[in-house]
Amino acid sequence: MPGSLFLDFIHARSGRKLPIAAVLAGLVIFPAALAAGAESASLAIKVDQVGYLLDGPKVAFVSAPAATFQVRRCSDNVVVFQATLAPPQVDTNSGDQVQAADFSGLQQAGSYYIEVPGVGRSWNFTLGKNVFDRTYYLAMRGFYGQRCGTAVDLGPEFPGYSHPACHLHGEFHPSSGAKGTRDNIGGWHDAGDYGRYMVNSGIATGTLLWAWEIYGEKLKNISLKIPESGNGTPDILNEARWNLEWMLKMQDDDGGAWHKQTSTHFSGFVAPQDDTLPSEVIGTGAAPWKSTCATADLAAVAAIAARVYQPYDAKFAGRALEAARRAWAWTAQHPDVTFRNPPGISTGEYADANCADERLWAAAELGRTTGEPAFHNFFLQNYAQFLPTLDTPPAENWSSVAPMALWTYALSHRKGSDAKAVQAIRGRTLAAAHAVVERTRGNPYHVSLLAKDYVWGSNGVAAGYGIYLLIANVFQPDQGFVDTARDNLHYLLGRNTFSLSWVTQVGENSFQHPHHRPSGDGKQDKPWPGLLSGGPNAGRQDAVLAALPKDLPPARVYADRLASYASNEIAINWQASLVFLLAGVLQ
Ligand code: G3I
Ligand code: 9MR
Ligand code: ZN
């Protein structure tokens, strides 16, 4: 294992300037210590490495036996707060014995660390009003870095994090039912691979547009320093439009949308511009070639775009609405065309066996945008069967968009909305959110994840709990919802069994080896910034995870290794959930 770790490390970071002694130390100790660099904190003390807002609970966790803790100011090491640790609780998901260090009483903004006598010190963190602003900025810039078909440059803030335009040539794969070239330049690379997939684009872009609709007041003046900045449109909308334009290109003349545009197989670990595999528009392999889930997701997202971009670019809004209507009409003709990879194609499938929830989402968004009875009636005839999905948060992911459908209906405040439907949606959401709050308070790490939630993309699930709670908070403001959403953010930013921040270049001990081709091409010391790792995955669908000890509890089935695509890839859907959560907690 140390040998393969070494190879992985060298392979991923050949350019890294680390003292050779540190590399050797890493070999005989363990990877987290290596990642931490020279000045090490105790991994047994878990803090949100970004920090805590002043107005809420401030809790760290200690997973080694101890009695007391102190909070010290970074500037002069003075103790500003001290207290006893809470009694230990066993966390079955990680196997840790956890003691809470509650320093909510500390109200002074500043930079601090925690010291636990007999254990050590924590990573530094900040208390303040604007602690998460930069994380939001970097997370949104993460999308910019995923742009396909254009030159990207994160400099001068991150010099060298750049690539020239990539994937400029596209063609129809025979499975699409069409022939010849189809460039469809644009969109975001889905993840650590360079594919572009409609279904995942749908949930990711929809989530960003929702963040705008709900938190626009907080977001509208934040510059993301992207090429469009200053054009009069808020930058989160500028960034989302980059992908929307690609999604619109994936629509065929008959209104249907092809499922994805990728190479036939995954490229090697090369920079985007060096991936020379043809970029193929891939269809279902038989008439009608397009898939219902992709088309319905396009209809939903384009319908949101039609209302959101109206004040900034009415022409684009009109184009989006027209596309949404045509997509909707296609799904009415073809309500049940599912997608599986056709022969010869081995890239991501995003195979969803049931597109009824996608259609419900499309109807709800179109109804919210247009107010037309046809969409409204379709929603009312079909929504009831999806209400139970709200009972098991977070419920929403790339293959399950029913919560988006239900929530958008309840949020739309249209005259003529069905009061019974709205009541049911709100009531079930609030009840489930209250249960999540109670459960999370009882969880030794104050995270909402259950054992069953440690799947591929579990960090996206954690962020999804945050979304669920924040939507509940829109229905009925409740500080418990907000605090629990923040708890899930704290988990992602370091308050977890690994004492690891799962956002690249955010926090003193952030993960280093994402399964992300631009980060893994050996050009940069550190990974591209602002990207959320998939996280622990008890499904173990890669060789790295499969080789971990058999009896590991689910929350520990994770490896900060480039080769672990099932636990350490990044992806736009998880990233969008992180952005929503951050947008919700910004002050
Ligand atoms: O939810 C079920 C759970 O009920 C069940 O008990 C458990 C047992 O294995 O599986 C859970 O489902 C898993 C699902 O992810 C959770 O969302 C599936 O096993 C697992 O195979 C599935 O993985 C998907 C993965 O592609 C493989 O198809 C991920 O959702 C999806 O995010 C990921 O997406 C990939 C693209 O294909 C390609 N691009 C990168 C992207 C991110 O890794
Ligand atoms: O890089 C691919 C990643 O984006 C996918 O999520 C993952 C699962 O589909 O597959 C990765 O590609 C791997 C392939 O499946 C197996 N051979 C190694 C590839 C990683 O380099
Ligand atoms: Zn590209």
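Each value, and the rule that gives it
- Residues numbered from 1 in each chain as written.
- Chains lettered and ligands numbered in written order.
- Predicted model: local features only at pLDDT ≥ 70, side-chain atom pairs only at ≥ 80, totals over all residues.
- Heavy atoms only, no water.
- Helix = DSSP H or I, 4+ residues; strand = E, 2+ residues; numbered from the N terminus.
- Rg over C-alpha atoms; globule rule 2.2 N^0.38 Å.
- Contact = heavy atoms within 4.5 Å.
- Areas by Shrake-Rupley, 256 points an atom, 1.4 Å probe, with all protein chains shown as cover.
- Lys, Arg positive; Asp, Glu negative; His and termini not counted.
- Charge placed at Lys NZ, Arg CZ, Asp CG, Glu CD.
- Near = heavy atom within 4 Å.
- Polar contact = N/O pair within 3.5 Å; in protein donor to acceptor, adjacent residues only side chain to side chain.
- Nonpolar A, V, L, I, M, F, W, Y, C, P; charged D, E, K, R; others polar.
- Expected span 1.5 Å × (residues − 1).
- Bend = angle between axes of the 7 residues up to and from the residue.
- Pairing = 2+ DSSP bridges.
- Donors = N, O, S within 2.8 Å, 3.2 Å for Na, K, Ca; no water.
- Tetrahedral: all angles 85-135°; square planar, octahedral: opposite > 155°, others 65-115°.
- Buried < 20%, exposed > 50% of the residue type's maximum accessible area, 1.4 Å probe, protein only.
- 1 Å grid on protein atoms, 1.4 Å probe; cavity = no way out; pocket = protein on both sides within 12 Å on 5 of 7 lines; lining within 4 Å.
- Sits in = over half its atoms within 2 Å of the grid points.
- Disulfide = S-S within 2.5 Å.
- Core = buried A, V, L, I, M, F, W, Y, C linked by side-chain atoms within 4.5 Å.
- Phe/Tyr/Trp six-rings, centres within 6.5 Å; stacked < 30°, edge-to-face > 60°.
- Lys NZ or Arg CZ within 6 Å of the ring centre and 35° of its normal.

## Some points on the overall build of the protein chain
Inference 1: Assigned secondary structure in the protein chain consists of 17 helices and 16 strands.
Inference 2: Over its C-alpha atoms the protein chain spans a radius of gyration of 23 Å, differing by no more than 12% from the 25 Å that the globule rule assigns to 587 residues.
Inference 3: In terms of overall dimensions, the protein chain has C-alpha extents of about 70 × 55 × 50 Å along its principal axes.
Inference 4: Relative to all contacts within the protein chain whose residues are 6 or more apart in sequence, the contacts with residues 24 or more apart total 71%.
Inference 5: Approximately 21000 Å² of the protein chain is accessible, and the part contributed by carbon and sulfur atoms is 56%.
Inference 6: Between the centroid of the 47 positive side chains of the protein chain and the centroid of its 53 negative side chains there is a distance of 2 Å.

## Topic: the site of ligand 1
Inference 1: Residues in close proximity to ligand 1 include Asp 190, Ala 191, Asp 193, Tyr 197, Gly 348, Tyr 350, Trp 398, Val 455, Trp 456, Gln 541, Glu 569 and Trp 574, which together make up its full environment.
Inference 2: Between Tyr 350 and ligand 1, the recorded distance is 3.2 Å, taken from a side-chain N or O atom to an oxygen atom.
Inference 3: The separation between an oxygen atom of ligand 1 and a polar side-chain atom of Glu 569 is 2.9 Å.
Inference 4: Alone, ligand 1 offers 770 Å² of accessible surface; in the complex the protein occludes 57% of this.
Inference 5: Broken down by class, the residue content of the shell around ligand 1 amounts to seven nonpolar, two polar and three charged.

## Focus on helix α6 (residues 235-249)
Inference 1: Taking 1.5 Å of rise per residue, 15 residues should cover 21 Å, and α6 covers 22 Å from first to last C-alpha, within 8% of that figure.
Inference 2: Its maximal kink placed at Arg 241, α6 deviates by approximately 25 degrees.
Inference 3: At its buried positions, α6 is contacted by α4 (133-145), β14 (196-197), α5 (198-219), β15 (260-262), α7 (292-308) and α8 (314-333).

## What about the sheet that holds strand β7 (residues 96-102)?
Inference 1: Taking strand neighbours across the sheet as the criterion, the four strands line up as β1-β3-β7-β6 in an open arrangement whose pairing is antiparallel. Whereas interior strands pair on both sides, the edge strands pair on one side only; in this sheet they are β1 (45-46) and β6 (89-91).
Inference 2: Judged from the two bridges that link them, β1 and strand β3 (residues 59-62) form a sheet pairing that is antiparallel. Looking at the pairing, Ile 45 lines up with Val 62 of β3.

## Overview of the coordination of the zinc ion (ligand 3)
Inference 1: Listed as protein donors to the zinc ion (ligand 3) are Cys 148 (SG), Cys 166 (SG), His 167 (ND1) and His 189 (NE2); their distances from the metal cover 2.0 to 2.3 Å.
Inference 2: What the four donor atoms of the zinc ion (ligand 3) show is an angle range of 102 to 117 degrees at the metal, which sorts the shape as tetrahedral.
Inference 3: The sequence pattern describing where the donors of the zinc ion (ligand 3) fall on their chain is C-x17-C-H-x21-H. Taken together, the positions of Cys 148 in the loop between α4 and β11 (152-153) and His 167 in the loop between β12 (162-163) and β13 (170-172) put the pair 19 residues apart, joining distant regions of the chain.
Inference 4: Its relative accessible area of 0% is what places Cys 148 among the buried residues.

## Description of the sheet that holds strand β16 (residues 279-282)
Inference 1: Taking strand neighbours across the sheet as the criterion, the four strands line up as β13-β16-β15-β14 in an open arrangement whose pairing is mixed. Each edge of the sheet is formed by a strand with only one pairing partner; in this case those strands are β13 and β14.
Inference 2: Here β14 pairs with β15 via two bridges, running antiparallel. By the bridge assignment, Tyr 197 is partnered in β15 with Lys 260.

## Digging into the site of ligand 2
Inference 1: Neighbouring ligand 2 are the residues Asp 193, Phe 266, Phe 269, Trp 456, His 515, Arg 517, Tyr 565 and Glu 569.
Inference 2: The separation between an oxygen atom of ligand 2 and a polar side-chain atom of Arg 517 is 2.9 Å.
Inference 3: Glu 569 places a side-chain nitrogen or oxygen 2.6 Å from an oxygen atom of ligand 2.
Inference 4: Protein contact buries 61% of the 440 Å² of open area that ligand 2 shows by itself.
Inference 5: With respect to the pocket detection grid, ligand 2 is positioned in the largest pocket.
Inference 6: Residue composition of the shell around ligand 2, by class: four nonpolar, one polar and three charged.

## Quick look at the state of the cysteines
Inference 1: Using the criterion set out here, one finds one disulfide in the structure.
Inference 2: Put simply, Cys 293 and Cys 355 are joined by a disulfide, and their sulfur atoms are 2.1 Å apart. Taking the torsion about the sulfur-sulfur bond, which here is approximately -100 degrees, the covalent link between Cys 293 and Cys 355 counts as left-handed. Here Cys 293 is found in helix α7, whereas its partner Cys 355 is found in the loop between α8 and α9 (356-370), with 62 residues between them in sequence. With respect to burial, Cys 293 and Cys 355 carry one shared label: buried.

## Examining the side chain of Asp 560
Inference 1: Tracing the backbone shows Asp 560 in the loop between α15 (543-546) and α16 (565-568).
Inference 2: The exposure class of Asp 560 is buried, given its relative accessible area of 16%.
Inference 3: Only 2.8 Å separates the side chain of Asp 560 from the backbone nitrogen of Gln 512, close enough to count as a polar contact.
Inference 4: Among the polar contacts made by the side chain of Asp 560, one reaches the side chain of Asn 568 at a distance of 3.0 Å.

## Notes on the environment of Ile 45
Inference 1: As for its placement among the helices and strands, Ile 45 is situated in strand β1.
Inference 2: Non-local contacts of Ile 45, meaning those with residues more than four positions away in its chain, are made with Phe 61, Val 62, Ile 114, Val 116, Val 119, Gly 120, Arg 121, Ser 122 and Ser 499.

## Things to note about the nonpolar core
Side chains of nonpolar character tend, in soluble globular proteins, to be buried together.
Inference 1: One finds Phe 132, Tyr 136, Leu 209, Tyr 309, Trp 407 and Ile 425 to be the most contacted residues of the largest nonpolar core, which totals 140 residues.
Inference 2: If we ignore the near neighbours within four places in the chain, the residues touching Ile 425 are Phe 379, Leu 387, Leu 390, Leu 406, Trp 407, Tyr 409, Ala 410 and Phe 475.
Inference 3: Counting residues in hydrophobic clusters, the runner-up holds 18 residues, among them Ile 45, Tyr 112, Ile 114 and Leu 127.

## Re the packing of aromatic side chains
Inference 1: Applying the stated criterion across every chain, the model contains 25 aromatic pairs.
Inference 2: Ring centres of Tyr 350 and Trp 398 lie 5.1 Å apart, and the angle between their planes is 85 degrees; on these two criteria the pair is classed as edge-to-face. A residue pair is termed long-range when its members are at least 10 positions apart, and Tyr 350 in the loop between α8 and α9 and Trp 398 in the loop between α10 (373-382) and α11 (402-411) qualify at 48 residues.
Inference 3: On the basis of relative accessible area, Trp 398 is assigned to the partly exposed category, the value being 24%.
Inference 4: Ring geometry for Phe 379 and Tyr 409: centres 4.2 Å apart, planes at 10 degrees, overall stacked. Here Tyr 409 lies in helix α11 and Phe 379 lies in helix α10, a separation of 30 residues in the sequence.
Inference 5: Of the residues examined, Phe 379 reaches a relative accessible area of 1% and is grouped as buried.
Inference 6: When its relative accessible area of 5% is taken as the criterion, Tyr 409 is described as buried.
Inference 7: Each residue in the set Tyr 52, Phe 103, Tyr 112 and Phe 125 is aromatic and connected to the rest through ring pairs, giving one cluster.
Inference 8: Positioned over the ring face of Tyr 113 is Arg 121, at 3.8 Å from the centre of the ring.

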